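Structure at a glance
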Amino acid sequence: MNAPGVWADGCNRYQCLGVHRPVPSILGTQITTTLEETAAEAIGGESRDRGLESNRQYSSRVNPQWVRLLRLLEMEVSYERCEGVELLTRDGRTILDFLSGYCVHNVGHNHPHILAALEDELERRGPAMLQSHVPERAGELAERLCALAGGELTKVFFCSSGSEGVEAAIKFARTHTGRTGLLHADKAFHGLTCGALSLMGDGFWGKGFGPMLPDTQEVPFNDGAALEKRLASKRYAMFIVEPIQGEAGIRLPEAGYLERARELCRRYGTLFVLDEVQTGFYRTGKFLAAHHSHVDADMVVLAKALSGGLIPTGAVLMREPIYRSVYGSLKRSIIHTSTFSENGMSMRAGLATLNVLEEEKLGERSREMGEYLRERLRTELAGFEMVKEIRGAGLFSGIEFGAPRQMATRLSYEAFKRIHPAMFGQVLVMRLFRDHNVLTQICGNDFMVLKAAPPLVVSRQQIEHFVTAVKAVVRMAHTPGEFWGEALKLAGRVVQV
Ligand SMILES: Cc1ncc(COP(=O)(O)O)c(C=O)c1O
């Protein structure tokens, strides 16, 4: 089954489907077919509908392995329409989105108010990306973001993605402190551009792309003493951390950790930077996850949900002195900028998103529904020995699994883990999607944690559907037979690829 060369890249990882189209390294699989063969395979001989034709083109010209992987996991469906939490497929399925594009769709898919704002922006035929004017609405959006973030965050740099925001934070921190060192937490996920990639806690993502930025160092999350040891060298420009680590397995900070990290950074002259790319915009119940801990960051990186899931937008919020170090003279007025940042569509979408979050009280809803979701999961999954913990904040939750104790399932579990550590989690994801019409994923840097992050507009009824589906799949995983047979089939299909 585990044919020589199948996991030939030696990384033996199956980085989940997840993260920003993270390409699983099931992908370690050696690819011997040509792009044309893959493209032909994508349509199964003939194009049956528009969806399949676009998959064929994608497979031919963009990323054949992505299409192949989705097919392997029986997730290659064509979507007709997406609204709120529901994804309607061309073949008549209604899939509930409990992934939200990794926390992009906080307000739900295609929210009518955001669509209307964008239509209005297009209709007025205003200036777009002149690069020679004061962009309208950018100031208004910046003001509102700073007011919501609070603390001493009074200046904003706009960009188009989370990674781009992290890159900006690296440059700004170095300019401001005159230091080069960069600290990050273990298992962190900060993005896949070279600078951000240098701050990632998992070697998988950077493999083959090196050398990474020099002078970066990892410290264990939740370990104040280890952080202080590094900071005391006074070599570090910034410590960047997700206030609740997402891809690390929805890891929550221990009481007092973020406050201590903040205080230590201040003491040793290092900027305390929060990556709220996934956790921002009420995902965890507060506007920023940092607001649960009452810590004031020097910089906060935002993206994903900022513009309603429709226009790529990111923002770095910072304290005034940092801004001045970067843009402190006329000569430096465009020292760091980006063509698409501050564009009218992004700014309109951002403002409309903030309106929706406020008007629909999605912060409150995130807290209430998140509690409900975790309580229901705890009740329904109690007694299943593989369920280790259900944790989270707001609608950012994870179900952590452990190895089974009973011999019959344990043997299967161990065998599949040896084939690939993500096999168990990926079969859960596959079954939820195929058998129960629920879209979710395992975490990118912890394959034993299943994520639950639906749009914040999710209803109790939709949560009940999710809980029932998870329970059915978990029950199956505790029973020798079908679930493990499925894993075997998946392993077989991987080997054939
Ligand atoms: C916490 C975190 N930071 C940064 C990024 C990078 O964002 P982007 O994919 O928009 O570049 C991600 C992406 O998933 C993320 O989860």
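Now for a description of the structure that goes with this document.

Calculation rules
- Residues numbered from 1 in each chain as written.
- Predicted model: local features only at pLDDT ≥ 70, side-chain atom pairs only at ≥ 80, totals over all residues.
- Heavy atoms only, no water.
- Salt bridge = Lys/Arg side-chain N within 4 Å of Asp/Glu carboxyl O.
- Core = buried A, V, L, I, M, F, W, Y, C linked by side-chain atoms within 4.5 Å.
- Buried < 20%, exposed > 50% of the residue type's maximum accessible area, 1.4 Å probe, protein only.
- Contact = heavy atoms within 4.5 Å.
- Helix = DSSP H or I, 4+ residues; strand = E, 2+ residues; numbered from the N terminus.
- Expected span 1.5 Å × (residues − 1).
- Arc of directions from axis to C-beta.
- Axes fitted to C-alpha atoms, helices over the stretch in contact; angles between N-to-C directions.
- Left-handed = near helix turned anticlockwise from the far one by under 90°.
- Nonpolar A, V, L, I, M, F, W, Y, C, P; charged D, E, K, R; others polar.
- Phe/Tyr/Trp six-rings, centres within 6.5 Å; stacked < 30°, edge-to-face > 60°.
- Pairing = 2+ DSSP bridges.
- Disulfide = S-S within 2.5 Å.

With that out of the way, let us pick up the pattern of salt bridges. The tally for this structure, following the rule as stated, stands at 36 salt bridges. Through salt bridges that share partners, Glu 74, Arg 431, Arg 434, Asp 435 and Glu 482 make up one connected network.

With that settled, consider the nonpolar core. Counting residues in hydrophobic clusters, the biggest one holds 114 residues, and the most contacted among them are Leu 145, Phe 239, Phe 272, Phe 401 and Phe 424. Other than its neighbours up to four places away in sequence, Phe 424 contacts Met 386, Phe 401, Tyr 413, Met 448, Ala 477, Phe 483 and Trp 484. Ranked by size, the runner-up nonpolar core spans 25 residues in total, among them Ala 169, Ile 170, Ala 303 and Val 326.

A few words on helix 2 (residues 50-61). The end-to-end C-alpha distance of helix 2, which contains 12 residues, comes to 17 Å, matching closely the 16 Å that a straight helix rising 1.5 Å per residue would cover. Within the sequence span of helix 2, burial applies to Gly 51, Leu 52, Asn 55, Ser 59 and Ser 60. End-on, the buried residues of helix 2 take up no more than an arc of 165 degrees, which puts them together on one face. What points out from helix 2, more than 90 degrees from its buried face, is the exposed set Arg 50 and Arg 61.

A few words on the packing of helix 6 (residues 138-149) against helix 12 (residues 344-359). Viewed as axis vectors pointing N to C, helix 6 and helix 12 meet at an angle of 35 degrees, and their least axial separation amounts to 9 Å. Note on packing geometry: the crossing formed by helix 6 with helix 12 is left-handed. Counting all contacts with helix 6, which are made through Ala 138, Glu 140, Leu 141, Arg 144, Leu 145 and Leu 148, the residues of helix 12 involved are Met 347, Gly 350, Leu 351, Leu 354, Asn 355 and Glu 358. Its residues assigned to classes, the contact of helix 6 with helix 12 comprises seven nonpolar, two polar and three charged.

With that settled, the discussion passes to the packing of aromatic side chains. Enumeration over the complete set of coordinates arrives at 16 aromatic pairs. Between the aromatic rings of Phe 172 and Tyr 327, the centroid separation amounts to 6.0 Å while the plane-to-plane angle is 75 degrees, which identifies the pairing as edge-to-face. Of the two residues, Phe 172 sits in helix 7 (residues 162-177) while Tyr 327 sits in helix 11 (residues 320-327), which places them 155 residues apart along the sequence. Its relative accessible area of 1% is what places Phe 172 among the buried residues.

Time to look at the environment of Arg 90. Take Arg 90: it is sitting in the loop between strand 2 (86-89) and strand 3 (94-97). Given a relative accessible area of 29%, Arg 90 falls into the partly exposed group. C-alpha of Arg 90 to C-alpha of Val 77: the two residues are 13 residues apart in sequence and 7.8 Å apart in space.

A separate point is the sheet that holds strand 13 (residues 438-439). The mixed open sheet is built from four strands, whose spatial order is 1-2-3-13. The two strands at the open ends of the sheet, each matched to only one other strand, are strand 1 (79-83) and strand 13. In terms of strand pairing, strand 3 meets strand 13 through two bridges, oriented parallel. Within strand 13, the position partnered with Asp 97 by the bridge is Leu 439.

Our next topic: the state of the cysteines. Tallied over the entire structure, the rule returns zero disulfides. Here Cys 103 is not cross-linked by a disulfide; its sulfur's nearest cysteine counterpart is in Cys 443, at 9.9 Å. By relative accessible area, Cys 103 is classed as buried at 1%.

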